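Coordinates in review
Here are the chains, one letter per residue:
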Amino acid sequence: MTWTAQHLPADHTPVKSGRIGVLLVNLGTPEAPEPASVKKYLAEFLSDPRVIEIPQAIWQVILRGIILNVRPRKSAEAYKKVWTDRGSPLAVITQDQAAGMAGRFGDGVMVDWAMRYGNPSIPDQLDKLKEAGCDRILLAPLYPQYCGATTATVVDKASRWLKKQRWQPAIRTLPPYHDDALYLDALEADITRQLEALEFEPEVLLLSFHGMPERTLLLGDPYHCHCQKTARLLGERLAKPGLRIETSFQSRFGNAKWLEPATDDTLVSEAEKGTKRLAVVAPGFAADCVETLEELAIEGRDEFLEAGGKQFAVLSCLNTSQAGMHMLEAILRRELSGWI
């Protein structure tokens, strides 16, 4: 029997259904480059037990007693250097990526975006998709390399939202794509384009990935292996005479031992041993952010030049480049297979 409005009881709650949602998710950002806003963002980010794997009873004392009273002002200064008229670069680019995907999968597919920490939040955006009638949702963490502190936290947040839903939508999660030919094709095309546009020919191309404590590797997190595989496969594609390709890890935090070699140390050591022309690319970031635009492009430049380097460039992430958007559409379409 086909149910129509005349068959439903008078007090039946109207329900929208039949649409498909895609939610692009990136790490997060403060809402303003000001200490108070940065403090709020860092309090959420650094309170996630997957990000800081220290017993919370101990960590919260350190976080709230020391870090949140010192770090927000310094971080706010870094954000101010890269903030745009539209806001945080990471949020702006992620929003533009979602807007660029809208309409590519048909009228029945709604594409939106969220930040894991900060706004728009994952629960708010999932509410929005559900209210629009999306009963099937593809959760798409934009992390090519899987890490418990990134991809898993997105799934955790969505799972907590699901737990509160009486009528749960079906959820799929975009898997890591660190060795996916679509991703490597996009990186190869976009990096080659940018290298050819430089005013100098680099001697060294440094592939800088976000760092993680070494302990995560020892505990079985695949992140380090995923980064190294991306670096090896990408290096094979970009290899040419006169160009040496190296891999490093950036954004160390705290006193624990992190994955090595460190990007800042590598920039200094390369300059000190005679490298004069160097370019950096951050293939683990789907969108430019404070870590690429300030840490690499500003601090990294100063470190390299002060140590004796002469020419330095940081290449843009895939962002909304033609190659990047083509890749994003292709991997999303693949994961939506059977739904569209």
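Here the structure is a predicted model, which means the values were calculated and not measured.

On to the packing of aromatic side chains, then. If you walk through the whole model with that rule in mind, you get six aromatic pairs. Seen in terms of ring centroids, phenylalanine 209 and phenylalanine 249 are 6.2 Å apart; in terms of plane orientation they differ by 35°. Their pairing is tilted. Of the two residues, phenylalanine 209 is situated in strand E5 (residues 204–210) and phenylalanine 249 in strand E6 (residues 244–250); the sequence distance between them amounts to 40 residues. You'll find phenylalanine 209 and phenylalanine 249 in the same group, each marked buried. Geometrically, the ring pair formed by phenylalanine 304 and phenylalanine 312 is tilted, given 5.7 Å between the ring centres and 35° between the ring planes. Both residues of the pair, phenylalanine 304 and phenylalanine 312, count as buried. Put simply, the rings of Tyr41, Phe45 and Tyr117 touch in pairs and so form one group of aromatic residues.

Now for the sheet that holds E5. Strand order in the open sheet formed by four strands is E6-E5-E7-E8, and the pairing between neighbours is parallel. In the strand order of this sheet, the two ends are held by E6 and strand E8 (311–314), each with one partner. Neighbour-to-neighbour, the strand axes of this sheet turn through a mean angle of 20°, independent of strand direction. Looking at chain direction, strand E7 (residues 277–281) and E8 are connected through four bridges and run parallel. Across the sheet, alanine 279 pairs through a bridge with alanine 313, a residue of E8. Against the sheet, helix H10 (residues 290–306) engages E5, E6, E7 and E8, with an angle of about 170° to E8.

Cross-referencing UniProt, the feature "binding site: Fe(2+)" (unreviewed entry) maps to His210 and Glu291 in the present numbering. A maximum C-alpha distance of 8.4 Å places the annotated residues, which cover 82 residues in sequence, within one compact spot. Classification of histidine 210 by relative accessible area gives partly exposed; the value is 26%. What histidine 210 contacts, discounting residues up to four positions off in sequence, is Tyr223, Phe249, Gln250, Ser251, Phe285 and Glu291. For glutamate 291, the location among the structural elements is in helix H10.

Calculation rules
Note on numbering: residues in each chain are counted from 1, in written sequence order. With pLDDT at 70 or above as the cut-off, local features in this predicted model cover only qualifying residues; side-chain atom pairs require 80 or more to be listed or tallied, and sums for whole chains, interfaces and linings still use all residues. Side-chain metrics rest on all non-hydrogen atoms present in the structure, leaving aside hydrogens and water. Between rings of Phe, Tyr and Trp, where Trp is taken as its six-membered ring, a pair exists when centres lie within 6.5 Å; planes separated by under 30 degrees are stacked, by over 60 edge-to-face, and by other angles tilted. Working definition: helices are DSSP H or I runs of at least four residues, strands are E runs of at least two. Numbering for both runs from the N terminus. Throughout, exposure labels follow a simple rule: accessible area from a 1.4 Å probe, protein chains only, divided by the maximum for the residue type, with under 20% read as buried, over 50% as exposed, and the rest as partly exposed. Two strands form a pair only when DSSP identifies at least two bridges running between them. Here an axis means a line fitted to C-alpha atoms, over the contact stretch when the element is a helix, while the angle between two N-to-C directions is reported on a 0 to 180 degree scale. When checking whether two residues touch, look at their non-hydrogen atoms; a contact exists if any pair is within 4.5 Å. UniProt positions are given in the numbering used here, feature names are shortened, and annotations may be inferred rather than shown by experiment.

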